[in-house]
Each structure stands twice: as C-alpha cells, then as structure tokens.
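# Residue-level structural notes
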Amino acid sequence: MNESKRKYDVVIIGSGPAGLTAGIYAVRAGLKAVVASGDQPGGQLTITAVVENYPGFPNGIGGIKLMMDMQKQVENLGGEIKQGIVKKILKIQKNFGVKLKNNGILETKTVIVATGSKARWLGIEKEKELIGRGVSGCATCDGMFFGDKVVAVTGGGNTACEEAVFLSRFAKKVYLIHRRNELRATKIEQKRVFENKKIEVVWSTEVKELLGDEKLEKIKIVNNKTGKERIIEIDGLFVAIGSDPATKFLTGLVEMEKTGHIKVGVDKKYSTMTSVDGIFGAGDCVNNAYKQGIVAAGMGCKAALDMERWLKE
Ligand code: NAP
C-alpha cells in the first residue's frame, strides 16, 4: 500500500527503550502502531557493550542484543517497524502527518516522540574530517580496530569510563582525558577505571587540536588549570562527552525547554503529553534527570497509556 494512504493510531518516532516499550503497549492495546526507527535503530544502548543495570539479566546483556530483542518483541506482537528518518510532523486536519526523509508521509491520529539524544562532538578543527580515520564516537563499534595501539577517550561520565575500560581490552594504552579533577561516572565505573593498569587518567585537561592529515596521529591537550600544553601520539580518539536531545525537527511545533528537551505534562491530565494535543514525549528527548534505559522504557510505557486514554476520550 502507498505509504501516504496508511493511517495509524500512533506513529512512534524512535526505537530506543522508550519507543519500543511504547510500541509494545500500543500494539497490546489493539492499536495500529508503527515505530519509525531513525538512523540508529535501537538507539544509544546499542553502543553499550554490556548493560548491567537493566533488571532481569543477572549476568548483564549486550546492548545490541537487548535492543534487537525489544524490537523483535514489538514485531512478534504485530507491531510494524519502519526504517526512516523523520523530517517533520505536519498537522492534517484532526490528524498528523509524519513526514519521512524519503518524502513518504505516515498519517496518524497520535504521535509519540521518543527520539532520544544525539552524541556531542568537541567542535574542534578536523574532528569531522577524521571520523573513521582515528576519531570515533563509539568504542563498541570501532574498538577492535585499535588492537595494540594507543588511544584516548575524552569525557568523564559513565560512557567515557565504560569506553575506556572496553578499549583497554584491545589497546596497549588508554588515556582518559577529563576537563575536571573528578569523574562524573558512578563509583563502580570509576573503580574499574582506576584499577585498570592500561588506563591513565589525565585530569583537568581538554583536547585542543587534532594533528594528522590522512589519519589522526597526535593530539594537543591543554591543562586548564596550569595552561600547560602537551602533544601526545595516539592512534584513536573516542569522544564521549554526552549528548543533546534530538528534537530539532520539532522546532516551532511543540514547546521545548531552553536545552532543547520537549516539555511534557503541559496538560496536567496526561503527564507525557506535549503542548500539542495528541503528541506525546518519552525518554531522553524529554527533560528528565535520569537518562537511563530503564527510565526511558518506563516513560515509553506511560506515553503509550496516556495516548490510549487520550484517544478514547
Ligand atoms: P554525561 O554523564 O553527560 O557526561 C558527559 C561528560 O563529558 C562529563 O564528564 C562532562 O564533563 C564531559 N563534557 C561535556 N562537554 C564537554 C566538552 N565540551 N569538552 C570536554 N568534556 C565535556 O554523558 P554520558 O557519559 O554520555 O552519559 C549520559 C547519561 O547516560 C548519564 O546520565 C549516564 O549516567 C547514563 N549512562 C549510564 C550508563 C550506565 O548506567 N551503565 C552508561 C552510559 C551512560 P563534566 O563532568 O565536567 O560536566
């Protein structure tokens, strides 16, 4: 059937734990639902090697496996998953048109936005050019290319610590370069870093310059307390400095926080509804202090229940 002729009860944008959980609930409520899976199907958890804090997996579970299983769960229940990047949400009389990059439009009565967040980059010269040639945003994806090499991770959160530990399995040395003198990561992740003999933490330091043309060869780092510069030879730099909500495509449509997070609960009756009736938000694209897979899944559940109630009313 022509994409533009299909009419859904709900289009869920995003296929991380929030989107897929919303999909499970929507399908089980007997609604016609589709999940638009975006450019990174499975979301940010797919770049986590082992997820140890999602209940139900006593020995942890691979991030990709967890997300692929959630996706299968939606499909097994009769839900549809569609690969496609959403460009815009249009108003079509009482309904919405979710416009995809290929210009297809999914017509729907409601929308759940669960687009998560996009990784931040340092924004320094040559960074974009050298992606795939020494610069990376994903240790689980690219770590194996750095067997017996020297690499650096920049950032001080859970992602940076996990990436440093993961990389130490392949690399002969890992610098963890952090702009402050304490890590933001949880204690268990910090302990793993401090106990790892291959990891050297470089405190109060920022990456200022990337050197190398064909590929990354060196980085210039600067101690932000002393101003002292240092050049270190490395083969790979992994940027793990957090993320920003992936909500640009909603600009002008729904109310947002200054940070770009979607405001929900505007109508007190539905804690996950945005400022536009019929559009709901869940997961890391909504302002929340937690940013955990399990919390995103819980919000996805709430958004689907709110959406179902709103449709009935
Ligand atoms: P994050 O917690 O926001 O940490 C980002 C880190 O990057 C911070 O240490 C920050 O420094 C640093 N940073 C930010 N901008 C920078 C810049 N321009 N230059 C240099 N450094 C910069 O991000 P995350 O580690 O990606 O984690 C995101 C969320 O997911 C967190 O809530 C985290 O707990 C969660 N997460 C959980 C797990 C897990 O539970 N296993 C795994 C991964 C992520 P400052 O500390 O100085 O601000």
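For clarity, every value in this text was computed on a predicted model and none was experimentally measured.

## Concerning the packing of aromatic side chains
- Summed over all chains, the structure comprises five aromatic pairs.
- Relative to Phe-57, the ring of Tyr-54 lies with its centre 6.4 Å away and its plane at 45°, an arrangement referred to as tilted.
- Classification of Tyr-54 as buried rests on a relative accessible area of 14%.
- A residue is classified by how much of its surface remains accessible, and Phe-57, at 31% relative accessible area, is partly exposed.
- A ring pair is formed by Phe-280 and Trp-310, whose centres lie 6.4 Å apart and whose planes are at 75°; its orientation type is edge-to-face. With Phe-280 in strand β19 (residues 279–281) and Trp-310 in helix α6 (residues 293–312), the pair connects residues that are 30 residues apart, well separated along the chain.
- The class of Trp-310 is partly exposed, set by a relative accessible area of 24%.

## With respect to the domain arrangement of the chain
- If you check the domain split of the chain, you get domain 1 (3–118 + 244–312) and domain 2 (135–239).
- Once you take the C-alpha centre of each, domain 1 and domain 2 turn out to be 33 Å apart.
- Listed as interface residues are four residues of domain 1 and, on the opposing side, seven residues of domain 2.
- Run the count over domain 1 and domain 2 and you get one salt bridge.
- Note that Glu-52 and Arg-192 form a salt bridge whose closest N and O atoms lie 3.1 Å from each other.
- Our count for the domain 1 to domain 2 interface comes out at two residue pairs in polar contact (both at pLDDT 80 or more).
- Tallied by class, residues from the side of domain 1 that touches domain 2 come to two nonpolar, one polar and one charged.

## Considering the nonpolar core
- Ranked by size, the top nonpolar core spans 52 residues in total, and within it Ile-13, Leu-66, Ile-89, Val-111, Ile-112, Val-113 and Ile-279 carry the most contacts.
- Each residue touching Ile-112, except ones within four places of it in the same chain, is listed here: Val-10, Val-11, Ile-12, Ile-13, Ala-22, Phe-280, Ala-303, Ala-304 and Met-307.

## Points about the state of the cysteines
- This model, assessed by the stated rule, comprises one disulfide.
- Across a sulfur-sulfur distance of 2.0 Å, Cys-138 and Cys-141 are joined as a disulfide pair. What sets the handedness of the Cys-138 and Cys-141 disulfide is the S-S torsion sign, and at about 75° it is right-handed.
- In this structure Cys-138 comes out as buried when scored by relative accessible area, which is 7%.
- You can see Cys-161 has no disulfide; the closest cysteine sulfur is in Cys-138, sitting 16 Å from it.
- The thiol of Cys-301 is not disulfide-bonded; the next cysteine sulfur, from Cys-285, is found 16 Å away.

## A short note on unusual backbone geometry
- A positive phi is found at Lys-126, a non-glycine position, where the angle reads about 75°.
- Position of Lys-126 among the secondary structure elements: in the loop between β9 (117–119) and β10 (135–136).
- Not every positive phi belongs to a glycine, and Ser-204 is a case in point at roughly 45°.
- Here Ser-204 is to be found in the loop between β13 (199–202) and β14 (205–211).
- For Ser-204, a relative accessible area of 6% corresponds to the buried category.

Conventions used here
- Residues numbered from 1 in each chain as written.
- Predicted model: local features only at pLDDT ≥ 70, side-chain atom pairs only at ≥ 80, totals over all residues.
- Heavy atoms only, no water.
- Phe/Tyr/Trp six-rings, centres within 6.5 Å; stacked < 30°, edge-to-face > 60°.
- Buried < 20%, exposed > 50% of the residue type's maximum accessible area, 1.4 Å probe, protein only.
- Helix = DSSP H or I, 4+ residues; strand = E, 2+ residues; numbered from the N terminus.
- Domains from an automatic or database assignment.
- Contact = heavy atoms within 4.5 Å.
- Salt bridge = Lys/Arg side-chain N within 4 Å of Asp/Glu carboxyl O.
- Polar contact = N/O pair within 3.5 Å; in protein donor to acceptor, adjacent residues only side chain to side chain.
- Nonpolar A, V, L, I, M, F, W, Y, C, P; charged D, E, K, R; others polar.
- Core = buried A, V, L, I, M, F, W, Y, C linked by side-chain atoms within 4.5 Å.
- Disulfide = S-S within 2.5 Å.

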